[in-house]
Every structure is written in structure tokens, then in C-alpha cells.
Amino acid sequence: MTSAHLGRRLQKRIIKLKDRGLSLQEIKIETAILVGIKLKGESELDFESSLDELKGLIEAAGGEVTAVLIQARERPGASTYIGSGKLAELNQLVSELKPDLVVFDQELSPTQLRNLEEAVKVRIIDRTMLILDIFGQRARTREGMLQVELADLEYRLPRLSGKGAEMSRLSGGIGTRAGAGEQKLELDRRRIRQRIQDIKQQMQKVESTRQLHRRRRQRAGLPVISLVGYTNAGKSSLFNAMCRSVHRSGVDQVEADARLFQTLDTTTRKITLPSGREALITDTVGFIQNLPHHLVAAFRSTLQEAIDADILLHVIDISSPDHWDKMRVVEKVLQELNADQDKIIRVYNKTDKLDFIPAGEKSGIFVSARTGSGLKHLLTQIEARILPAARVDG
Ligand SMILES: Nc1nc2c(ncn2[C@@H]2O[C@H](COP(=O)(O)OP(=O)(O)OP(=O)(O)O)[C@@H](O)[C@H]2O)c(=O)[nH]1
Ligand SMILES: [Mg+2]
């Protein structure tokens, strides 16, 4: 259920799994240059917040941004994404700053990726690869690791052409030996497909164990509250604060940090509501705009579990200037996962950072995980929602 519940033997198997070479290739990120295209019709604010977030993602991956290159264009170029003039500029920057990699703010097609890597002699990644890398660094449970590896392999499969193609081009000149690269490429592809099959099978097993746990919990009749929301909204902080406020003692805390995607694996704990009724509370992975769809697909069962809770607390960082956009991103994902709207309670967090609470916010509960303000009210509201259900099954 949680990483803490995973046995040591299982952990060892995960490490072995990682050693197999096919799994996640960790990206070494120390310094990076960012490249973003401001598309026609895109607002300045959206563009900037997306770039800021990309910067946050680089930092979350342990790196530092040394330059940002921006181009305004109607649409991305099919072959190298940015125009040839910008490409020359990028090359210049790369030779000056010698970054470990160049990160593009949008997803690159296999062709763009290949062309760019040829033109700029440095590792190129896109937003999706970066997020996959962070998820790879954070995953601790067997399920988490399998999910990330699956998303990574599915993303890489169509892009697996760089080295192979190069080799076949090199040998292509000689004529007869053409195909050596292609053969290797085909072999790699086959291995990846095989591994994807393996992972899917293993995930089915994990999934059925999880359903077993879930049924057991249902039999225990405990309502489940889950925290969802944008990354960095303060879900884990709120989780800790809610556990603390009812236990008043030093229960194990989950890690809260300003890094994006601090939490990846789901943690569940029992809490006692004001009336004395017990409930389970779950902290889980956060959302982000343009969450790679391979990741959403791979994490579907984890997300589904969070969404199937009796109450969804949508945690919103109200101190963030673009919290409206972030809210919309989360609500869209929740909708896509068919979350029951009636179960959602908006929880505006970090109110301690504001001088006053802005008028015009839609209904919700205002709290500060840091100071504890509003927590009692939140718990009472949760209880009020849960009680009718309790009468039915009680
Ligand atoms: N001032 C203030 N800071 C807060 C509050 N709640 C959380 N934070 C800070 O916000 C940052 C993110 O908090 P987390 O609890 O890790 O956020 P999260 O939603 O779990 O983030 P991910 O796990 O990355 O999705 C941390 O630096 C927290 O200390 C709050 O009520 N007030
Ligand atoms: Mg968290």
C-alpha cells in the first residue's frame, strides 16, 4: 500500500529490475539551457508560467538553468522545432555555456528530436522526458517504478532511432553493410516491446493485490479521504497537519518540499475525525500542466484509487498567482478520470502567505497547513459529508 509497507525483499527486486539496463536511463542534469516557443495566440502569462515551471522541473531533477532561449512563432517547425536562425543562436550558446543538456518546453516529435540532436552536439530532451526522469528518481514502490518504466519505454519506443539510424547511415556509404544499425535497432525495439509486456503483466499482479487491500478496507467500513491537486500545492503538508491535528503526537511524516513532484507514491493513514469516527486519508502524486499522457495512462490505477475515495480534497495553493490555471488543469484531469464532482471539496491552502483572502473565489475551505488555521473547520466539513453515508451503512 505504501512504500513503508513494502518488504525489503521486494525493494531488492526493484533494484535488480533497475539493473537490467533496459529500464530508466537516468539523465545527468547539472546545467541546462531551456528553449521555449511562444506560439501565436498564447498569452504572455501562460508562456512565462510554463517556462517558470520548466525551470522548477529542472531544479526538481537536481539541475540548474544557465540560459533561456525564446522564439515567437506561429507554430513549431516540423524539422527542428525552432527556426534555423534560432538554431544557430542555440549552437552559439551551447558552445559558450557547455550545458549538460538542452530542454525544450514542449514535446518533440521523433524527427525533431533526431534533427536537433544532430544539429546541436549536446543531449536534447523535452518536457515529457524531464518529467519522466523526475518520476523515475522519485519512485520508491514496486508499482511506482513499474509505472514510470512503462511510461518511459512507451515514450522511447517510437523515438528509438538516433544511434541506430546513425549507424546505418554510416555503413550505408559502403553499401553492402547497410542494415547493421537497423538490425541493432530492431533488436532494441523487440527488447523494449518484450519488457513492456513483462511490466504490464507484473502490474496486473500488483493491481490485484491492491484491489485485495481495497476490499479489506471497504469491509472495515472506513471512509477514504484523498488529497489531490497541483504539484507543490501543499498536499503532503496538509496530510501531515491533518494527521498531527488528530494524533497530537509525532506520527511519521511524509516528506513535504518545495521541489516539484516531491511525492510520487501513495501513502495512507488512519485518522480520527472530531466525532471519534475513523477515516483513512491518502496523499498521492500531484498534477502539472501537460502531464505526459503516457504517464497518466501508466499511473491510471494509482490515480483511480485516489479518485475512488469517498471525499476528494482538491488542494489549491492560493498564494500562487496562477492558481486559477492550475485549478483548471487539475479539474480537467479529474474529469478525464471520471471523478464524481459531488465528492470534491476545494481546499485553499497557504492562506498564511496572503494579507487578505481574495473575494470571488468559488466555494471552498481556506486553510494553512503551516499554521494549522482552518483545519478544524475542514475536518468538521469532511465529517458532515461523511456522516449521511455512515448512517446508511451503520
Ligand atoms: N507558507 C506556506 N507554505 C506551505 C503551506 N503548505 C505547504 N507549504 C510549502 O509548500 C511547499 C510544497 O509543499 P508540499 O506539501 O510538498 O506540496 P505537495 O502538494 O505535496 O507537492 P508534490 O508532492 O510535489 O506534489 C513546501 O515548501 C511547503 O513547506 C502553507 O500552508 N503555507
Ligand atoms: Mg507531496
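Further up the page is the structure itself.
These numbers come from a predicted model, not from an experiment.

### Points about the overall build of the protein
- For the protein, the count of helices and strands is 13 helices and 10 strands.
- Burial analysis of the protein (394 residues in total) assigns 50% to the buried set.
- Put simply, 71% of the contacts in the protein that link residues at least 6 apart link residues at least 24 apart.
- Summed over its atoms, the accessible surface of the protein is roughly 19800 Å², and 50% of this surface lies on carbon and sulfur atoms.

### Quick look at the sheet that holds strand β7 (residues 278-283)
- Taken in spatial order, the six strands make up an open sheet running β6-β7-β5-β8-β9-β10, and their pairing is mixed. Every interior strand has two partners, whereas the edge strands, β6 (267-272) and β10 (365-366), have only one.
- With six bridges connecting them, strand β8 (residues 311-317) and strand β9 (residues 344-349) associate as parallel partners. Across the sheet, residue Ile316 finds its bridge partner in β9, namely Tyr348.
- The sheet strands contacting helix α12 (residues 323-336) are β5 (224-229), β8 and β9, and the helix crosses β8 at an angle near 155 degrees.

### Some details on the sheet that holds strand β2 (residues 64-73)
- Across the sheet, which stays open at both edges, the four strands sit in the order β2-β1-β3-β4 with parallel pairing between neighbours. Either end of the sheet is taken by a strand with one partner, and the two such strands are β2 and β4 (123-126). Sheet twist, expressed as the average angle between the axes of neighbouring strands with direction ignored, equals 25 degrees.
- With four bridges connecting them, strand β1 (residues 31-39) and strand β3 (residues 101-104) associate as parallel partners. When the sheet's bridge partners are listed, Val35 is paired in β3 with Phe104.
- This element, helix α2 (residues 44-60), spans β1, β2 and β3 of the sheet and lies at about 160 degrees to β1.
- In the packing of helix α3 (residues 84-97) onto the sheet, the strands contacted are β1, β2 and β3, and the crossing angle to β2 comes to about 170 degrees.

### Let's talk about the site of ligand 1
- Around ligand 1, a shell composed of 24 residues is seen, among which Lys235, Ser237, Gln262, Thr263 and Asp352 lie nearest.
- In this structure, an oxygen atom belonging to ligand 1 sits 3.2 Å away from a main-chain N or O atom of Ala233.
- Between Gln262 and ligand 1, the recorded distance is 2.7 Å, taken from a backbone N or O atom to an oxygen atom.
- Bound to the protein, ligand 1 loses 91% of the 650 Å² it would expose on its own.
- In terms of residues, the shell around ligand 1 owes the most to one element, helix α9 (residues 235-247), which gives three residues.
- Here the shell around ligand 1 is composed, by residue class, of seven nonpolar, 10 polar and seven charged.

### Comments concerning the coordination of the magnesium ion (ligand 2)
- Taken together, the protein donors to the magnesium ion (ligand 2) comprise Ser236 (OG) and Thr263 (OG1), at separations of 1.9 to 2.1 Å. Highlighted residues: Ser236 in helix α9 and Thr263 in the loop between α9 and β6, separated in sequence by 27 residues.
- Relative accessible area serves as the criterion here: at 7%, Ser236 is assigned to the buried category.
- Note on Thr263: relative accessible area 15%, which makes it buried.

### Some thoughts on helix α5 (residues 127-138)
- Its 12 residues give α5 an end-to-end C-alpha distance of 17 Å, which sits within 8% of 16 Å, the value for a rise of 1.5 Å per residue.
- Along α5, the positions that sit buried rather than exposed are Arg127, Thr128, Met129, Leu130, Ile131, Leu132, Asp133, Ile134, Phe135, Gly136 and Arg138.

### As for the environment of Pro292
- For Pro292, the position within the fold is in the loop between β7 and α10 (293-298).
- Accessibility expressed as a relative area gives 2% for Pro292, which makes it buried.
- Taking the C-alpha atoms as reference, Pro292 lies 8.7 Å from Ala151; in sequence the two are 141 residues apart.

### Some points on the pattern of salt bridges
- Taken as a whole and assessed by the stated rule, the structure comprises 17 salt bridges.
- Where Asp188 meets Lys184, a salt bridge forms, and the shortest distance between an N and an O atom there is 2.8 Å. Pair noted here: Asp188 and Lys184 are both in helix α8 (residues 180-220), with a separation of four residues, about one helical turn.
- Assessed through its relative accessible area of 42%, Lys184 is described here as partly exposed.
- The partner of Arg328 in a salt bridge is Asp325, and the shortest N-O contact between them spans 3.6 Å. With a gap of three residues between them, Arg328 and Asp325 both fall in helix α12, about one helical turn apart.

### Some thoughts on helix α4 (residues 110-119)
- Taken residue by residue, α4 has Gln112, Leu113 and Leu116 as its buried positions. Buried residues of α4, seen end-on, are gathered within an arc of 100 degrees and therefore sit on one face of the element.
- If you follow the buried residues of α4, they end up packed against α3, β3 and β4.

About the criteria used
- Residues numbered from 1 in each chain as written.
- Chains lettered and ligands numbered in written order.
- Predicted model: local features only at pLDDT ≥ 70, side-chain atom pairs only at ≥ 80, totals over all residues.
- Heavy atoms only, no water.
- Helix = DSSP H or I, 4+ residues; strand = E, 2+ residues; numbered from the N terminus.
- Buried < 20%, exposed > 50% of the residue type's maximum accessible area, 1.4 Å probe, protein only.
- Contact = heavy atoms within 4.5 Å.
- Areas by Shrake-Rupley, 256 points an atom, 1.4 Å probe, with all protein chains shown as cover.
- Pairing = 2+ DSSP bridges.
- Axes fitted to C-alpha atoms, helices over the stretch in contact; angles between N-to-C directions.
- Near = heavy atom within 4 Å.
- Polar contact = N/O pair within 3.5 Å; in protein donor to acceptor, adjacent residues only side chain to side chain.
- Nonpolar A, V, L, I, M, F, W, Y, C, P; charged D, E, K, R; others polar.
- Donors = N, O, S within 2.8 Å, 3.2 Å for Na, K, Ca; no water.
- Expected span 1.5 Å × (residues − 1).
- Salt bridge = Lys/Arg side-chain N within 4 Å of Asp/Glu carboxyl O.
- Arc of directions from axis to C-beta.

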